[in-house]
Amino acid sequence: MAKDYVKLSDSELITHFMAGEEAAFREIVNRYKNSLYAFLRQFLNRHDLVEDVFQETFLQLFASRDSFDTSRPLRPWLFTIAANKAKDALRKWQRTSDV
């Protein structure tokens, strides 16, 4: 029987994701994709950078899943990753556009 990931809390999703359940990761992406994308659009205001940082954020989440503290909320962690990736992208873009 398939799990209904939509009904799980963020903490439960992360626990399933950390246990290797790919469907839990897909639900996290689905749950946060719109708000994260909107956040990045406001932060960066460049479509190409938004797309890159959006993907990098979820790649970082995937790579860092073992270091996540399940007693803490997911949303601030995810948005902090996105903000840091966005700042890095802006710095890189500014360095290369000043040439």
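Refer to the structure presented above.
Parameters at a glance
Residues numbered from 1 in each chain as written. Predicted model: local features only at pLDDT ≥ 70, side-chain atom pairs only at ≥ 80, totals over all residues. Heavy atoms only, no water. Helix = DSSP H or I, 4+ residues; strand = E, 2+ residues; numbered from the N terminus. Buried < 20%, exposed > 50% of the residue type's maximum accessible area, 1.4 Å probe, protein only. Contact = heavy atoms within 4.5 Å. Areas by Shrake-Rupley, 256 points an atom, 1.4 Å probe, with all protein chains shown as cover. Axes fitted to C-alpha atoms, helices over the stretch in contact; angles between N-to-C directions. Nonpolar A, V, L, I, M, F, W, Y, C, P; charged D, E, K, R; others polar. Parallel < 35°, antiparallel > 145°, perpendicular 65-115°, else oblique. Left-handed = near helix turned anticlockwise from the far one by under 90°. Phe/Tyr/Trp six-rings, centres within 6.5 Å; stacked < 30°, edge-to-face > 60°. Lys NZ or Arg CZ within 6 Å of the ring centre and 35° of its normal.

Caption draft 1: Structural context of the overall build of the chain. The number of helices and strands found in the chain is 4 helices and 0 strands. Along the chain, helices and strands appear, N-terminal first, in the series α-α-α-α. Projecting the C-alpha coordinates of the chain onto the three principal axes gives extents of approximately 55 × 25 × 20 Å. By the burial criterion, 33% of the 99 residues in the chain qualify as buried. For the chain, contacts bridging at least 24 residues in sequence account for 54% of all contacts bridging at least 6. With the model as given, the accessible surface of the chain reaches about 6500 Å², and the carbon-plus-sulfur share is 51%.

Caption draft 2: Quick look at the packing of helix H1 (residues 10-18) against helix H2 (residues 22-44). Across the interface, H1 lies against H2 with an axial gap of 8 Å and an inter-helix angle of 140°. In this structure, H1 contributes Asp10, Leu13, Ile14, His16 and Phe17 to the contact, and H2 contributes Ala24, Phe25, Glu27, Ile28, Arg31 and Tyr32. Residue composition of the contact of H1 with H2, grouped by class: 7 nonpolar, 1 polar and 3 charged.

Caption draft 3: Region of the structure containing the packing of helix H3 (residues 47-63) against helix H4 (residues 74-97). Interhelical geometry of H3 versus H4 gives an angle of 135° and a closest axis separation of 9 Å. Classified by the angle between their axes, H3 and H4 sit oblique to one another. Crossing of H3 over H4 shows right-handed handedness. On H4, the residues that touch Leu49, Val53, Glu56, Thr57, Phe58, Gln60 and Leu61 of H3 are Leu74, Trp77, Leu78, Ile81, Ala82, Lys85, Ala86, Ala89, Leu90 and Trp93. A breakdown of the residues in the contact of H3 with H4 according to their chemical character gives 13 nonpolar, 2 polar and 2 charged.

Caption draft 4: Fine view of the environment of Ala83. With respect to the element layout, Ala83 can be found in helix H4. Residues Ala83 and Phe39 lie 44 residues apart in sequence; the distance between their C-alpha atoms is 8.8 Å. Apart from residues no more than four positions distant in its own chain, Ala83 is found in contact with Phe39 and Phe43.

Caption draft 5: Broad picture of the packing of aromatic side chains. Evaluated as defined, the whole model comprises 8 aromatic pairs. Ring centres of Phe17 and Phe62 lie 5.7 Å apart, and the angle between their planes is 50°; this geometry places the pair in the tilted category. Within this pair, whereas Phe17 is found in helix H1, its partner Phe62 is found in helix H3, the two being separated by 45 residues in sequence. On the basis of an interplanar angle of 40° and a centroid distance of 4.5 Å, the ring pair of Phe68 and Trp77 is categorised as tilted. The lysine or arginine in question, Arg75, covers the ring of Phe79, its NZ or CZ lying 4.4 Å from the ring centre.

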